[in-house]
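Spelled out, the chains give:
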Amino acid sequence: MTMATAGPGLIDATRCPLCGEQNRCAMEIERETGQAQPPCWCMQVDFSKAPLTNLPESMRGLACICQRCATGTTGTPLPQD
């Protein structure tokens, strides 16, 4: 089953619903672990190039997209910290 066809109960909040890669959302990490995290990368990113229209309405708001998809730089490796 692809991410695009998964139902709300099957969405992994730690993965980007567009590409399936880890979204590295600090807010989700804090929710899961209970440990305070620094501000998430998403608070400093311009989402204007994000292909959000590719995400079905029923899947919006359930998982964060990854930095690569948010910035529209698909195919360009991002540095791993």
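Up top is the structure.
Bear in mind that the values here come from a model prediction, so they are computed numbers and not experimental data. (Residues numbered from 1 in each chain as written. Predicted model: local features only at pLDDT ≥ 70, side-chain atom pairs only at ≥ 80, totals over all residues. Heavy atoms only, no water.)

Trainee: Explain the pattern of salt bridges to me, using residue names and the numbers behind them.
Mentor: Scanning the model with the defined rule gives three salt bridges in all. Across the salt bridge formed by D12 and R15, the nearest N and O atoms sit 3.9 Å from each other. Its relative accessible area of 30% is what places R15 among the partly exposed residues. Of the charged contacts, one joins E57 and R60 as a salt bridge, the two residues approaching to 3.3 Å between their closest N and O atoms. What makes E57 exposed here is its relative accessible area of 62%. Its relative accessible area of 36% is what places R60 among the partly exposed residues. (Salt bridge = Lys/Arg side-chain N within 4 Å of Asp/Glu carboxyl O. Buried < 20%, exposed > 50% of the residue type's maximum accessible area, 1.4 Å probe, protein only.)

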